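Observations on chain architecture
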Amino acid sequence: MNTRKAPDYSELFWTLDQILAENHSQMEIAVLIGQAVCNRPEKGAAVAAAEYIQKNYSDKSGFSPRNLRRMRNFYQLYGNDQEMMDVAMQLGWTQSVAIMEAGLRMADRLWYLKAALQNGWTKSVLIQKIKVNAHLEENCLAINDMPCYNGDSDNEVSDFNDANTLCLSRQHLQKPDGRVHYEGPGRESRTFQPVRNK
């Protein structure tokens, strides 16, 4: 009979004790626990950590298996990107989780992290902004952050202070074949016409 040996989580539990004994912010605890769980190869490390915390630190809340898996995922997602980590650390845990679980590209996640921080968005406002793809609309209007072009030439428009001038980043200009920046051959265009191959 083949029996598996139970994993030894004593080192993980010692690390959790050290993290919870110190005076860290909620975001620092999430990152440190996420890192500790990531350092374990076993699939059940998040569940074991959650059970340990719930048993030994009953006065602490927010350490369910689901939340510890989120902490692990947070660290895996942002641990190697210092800019994203710095911005996410300034935002609250619930907003960071909403952005993390929204299925966005990394650049879009960074946009929402910064926008939520700058505008003081609550979780519900943030989720609504993500649902309506606010980053697509707002990026068009963020003239100070990107070069501005008109459709007549490839030259950057330098004077766009005229109130009647609409400036768009190059990615939003229509190309001669009807496509815009993100549309490839075979995909449906913004005008709902099939884009032809060249």
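Residues numbered from 1 in each chain as written. Predicted model: local features only at pLDDT ≥ 70, side-chain atom pairs only at ≥ 80, totals over all residues. Heavy atoms only, no water.

**What about the overall build of the chain?**
Looking only at helices and strands, the chain features 9 helices and 0 strands. Ordered by position from N to C terminus, the α and β elements of the chain give α-α-α-α-α-α-α-α-α. Each of the 198 residues in the chain was classed as buried or not, and the buried ones make up 36%. Sequence separation of 24 or more characterises 47% of the internal contacts of the chain that already satisfy a separation of 6 or more. For the chain, the computed accessible surface area is about 13,000 Å², with 47% contributed by carbon and sulfur atoms. (Helix = DSSP H or I, 4+ residues; strand = E, 2+ residues; numbered from the N terminus. Buried < 20%, exposed > 50% of the residue type's maximum accessible area, 1.4 Å probe, protein only. Contact = heavy atoms within 4.5 Å. Areas by Shrake-Rupley, 256 points an atom, 1.4 Å probe, with all protein chains shown as cover.)

**Let's talk about the nonpolar core**
If you look at the biggest cluster of nonpolar residues, it comprises 46 residues, and the most contacted ones within it are I33, L68, F74, Y78, I99 and Y112. If you list the elements that add at least two residues to this core, you get α1 (10–21), α2 (26–38), α3 (45–56), α4 (65–78), α5 (82–90), α6 (93–100), α7 (106–119) and α8 (123–131). Excluding anything up to four places from it in sequence, Y112 contacts I99, L104, W121, L126, K129, I130, N133, A134 and H135. (Core = buried A, V, L, I, M, F, W, Y, C linked by side-chain atoms within 4.5 Å.)

**A few points about the packing of aromatic side chains**
Tallied over the full model, the rule gives 6 aromatic pairs. Measuring from ring centre to ring centre gives 6.0 Å for Y9 and F13, while their planes differ by 40°; the resulting arrangement is tilted. Seen in terms of ring centroids, F74 and Y78 are 4.9 Å apart; in terms of plane orientation they differ by 80°. Their pairing is edge-to-face. Remark: Y78 and F74 occur in helix α4; sequence separation between them is 4 residues, near one turn of the helix. Classification of F74 as buried rests on a relative accessible area of 0%. With relative accessibility at 0%, the residue Y78 sits in the buried group. (Phe/Tyr/Trp six-rings, centres within 6.5 Å; stacked < 30°, edge-to-face > 60°.)

**A look at the environment of N133**
Structurally, N133 can be placed in the loop between α8 and α9 (134–141). Spatially, the C-alpha atom of N133 lies 10.0 Å from that of Y112, the residues being 21 residues apart in sequence.

**So, the side chain of H135**
Within the fold, H135 resides in helix α9. Judged by relative accessible area, which is 5%, H135 ranks as buried. In terms of polar contacts, H135 uses its side chain to reach the side chain of Y112, at 2.7 Å. (Polar contact = N/O pair within 3.5 Å; in protein donor to acceptor, adjacent residues only side chain to side chain.)

**Some thoughts on the pattern of salt bridges**
Summed over all chains, the structure comprises 4 salt bridges. Close ionic contact of R70 with E101 constitutes a salt bridge, the shortest N to O distance being 2.8 Å. In this pair, R70 sits in helix α4 while E101 sits in the loop between α6 and α7, placing the two residues 31 residues apart along the sequence. The closest approach of N and O atoms between K114 and E83, which form a salt bridge, is 3.2 Å. (Salt bridge = Lys/Arg side-chain N within 4 Å of Asp/Glu carboxyl O.)

**A short note on the packing of α5 against α7**
Axes are the key here: two packed helices are described by the angle between their axes and the distance separating the axes. Where α5 meets α7, the closest approach of the two axes is 9 Å, and the angle between their N-to-C directions is 35°. Judged by the twist between their axes, the crossing of α5 over α7 is left-handed. On α7, the residues that touch E83, M84, V87, A88 and Q90 of α5 are M106, R109, L110, L113, K114 and L117. Here the contact of α5 with α7 is built from residues that sort into 7 nonpolar, 1 polar and 3 charged. (Axes fitted to C-alpha atoms, helices over the stretch in contact; angles between N-to-C directions. Left-handed = near helix turned anticlockwise from the far one by under 90°. Nonpolar A, V, L, I, M, F, W, Y, C, P; charged D, E, K, R; others polar.)

**A few points about the confidence of the model for the chain**
For the chain, mean pLDDT is 79; residues scoring 70 or higher make up 68% of the total. Mean pLDDT per element in the chain: α9 is the minimum at 66, and α3 is the maximum at 95. The low-confidence segment residues 140–147, where pLDDT is below 50, has 10 contacts with residues more than four positions distant or belonging to other chains. (pLDDT = per-residue confidence, 0-100.)

**A closer look at the packing of α6 against α8**
Where α6 contacts α8, the axes come no closer than 9 Å and their chain directions differ by 15°. With respect to each other, α6 and α8 are oriented roughly parallel. You can see that α6 and α8 cross each other, and the crossing is right-handed. Where α6 approaches α8, its residues T94, Q95, A98 and I99 are matched on the opposing element by K123, L126, I127 and I130. (Parallel < 35°, antiparallel > 145°, perpendicular 65-115°, else oblique.)

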